[in-house]
Amino acid sequence: MLLQLLTALAALAGAACSLLAEGSGTGAVSGILPFTAGGFIYLGTVSVIPEILRDSGPCQAFLQLLALLAGLAMMLLIASYE
């Protein structure tokens, strides 16, 4: 329960920081975006890929890995055209 409380407090602190940085322009966004994207990529590669490889055959694992890479490509496209 203590770890969940710490997670909730960190989320609250992150929300407060984003609200405070709202008017500061693109400098804050360009500093925060890499950390956010890196967190999602880390979660995807560390927690999802081992489960994919363990629970499915090689063809299914390859298709799911392609889907993960397609998601990364979409994030890159959205970030570059935004």
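Predicted model only: the values in this text are computed from it and were never measured.

(A) A look at the overall build of the protein. Scanning the protein from N- to C-terminus turns up 3 helices and 0 strands. Walking the protein from its N terminus toward its C terminus, one meets helices and strands in the order α-α-α. By residue count, 4% of the 82 residues in the protein fall in the buried class. Of the roughly 6800 Å² of accessible surface on the protein, a fraction of 77% belongs to carbon and sulfur atoms.

(B) Region of the structure containing the layout of surface pockets. Quantified by volume, the largest pocket comes out at close to 320 Å³. Secondary structure elements with two or more residues in the lining of the largest pocket: helix 2 (26-55) and helix 3 (58-81). Top element by residues in the lining of the largest pocket is helix 2. It accounts for 7 residues.

(C) Quick peek at a nonpolar patch on the surface. Together, Leu2, Leu3, Leu5, Leu6, Leu9 and Leu12 line one region of the surface with nonpolar side chains, adding up to about 650 Å² of accessible area. By relative accessible area, Leu12 is classed as exposed at 59%.

(D) Spatial organisation of the UniProt feature "transmembrane region" (unreviewed entry) in the protein. In the numbering adopted here, UniProt assigns the feature "transmembrane region" (unreviewed entry) to residues 31-49 and 61-81. Helix makes up 100% of residues 31-49 and strand makes up 0%, while its end C-alpha atoms are separated by 28 Å. Helix and strand shares over residues 61-81 are 100% and 0% respectively, and the end C-alpha atoms of the span are 30 Å apart.

(E) Looking closely at the environment of Ser18. Here Ser18 is to be found in helix 1 (residues 2-20). Using a relative accessible area of 42% as the deciding quantity, one classes Ser18 as partly exposed. Counting along the chain gives 14 residues from Ser18 to Ile32, while the straight-line C-alpha distance between them is 9.2 Å.

Criteria and thresholds
- Residues numbered from 1 in each chain as written.
- Predicted model: local features only at pLDDT ≥ 70, side-chain atom pairs only at ≥ 80, totals over all residues.
- Heavy atoms only, no water.
- Helix = DSSP H or I, 4+ residues; strand = E, 2+ residues; numbered from the N terminus.
- Buried < 20%, exposed > 50% of the residue type's maximum accessible area, 1.4 Å probe, protein only.
- Areas by Shrake-Rupley, 256 points an atom, 1.4 Å probe, with all protein chains shown as cover.
- 1 Å grid on protein atoms, 1.4 Å probe; cavity = no way out; pocket = protein on both sides within 12 Å on 5 of 7 lines; lining within 4 Å.
- Points joined across faces, edges and corners; volume = space filled by probe spheres on them.
- Patch = residues over 30% accessible without salt bridge, like charges linked within 9 Å, V, L, I, M, F, W, Y side chains within 5 Å.
- Salt bridge = Lys/Arg side-chain N within 4 Å of Asp/Glu carboxyl O.
- UniProt positions renumbered as here; feature names shortened; annotations may be inferred.

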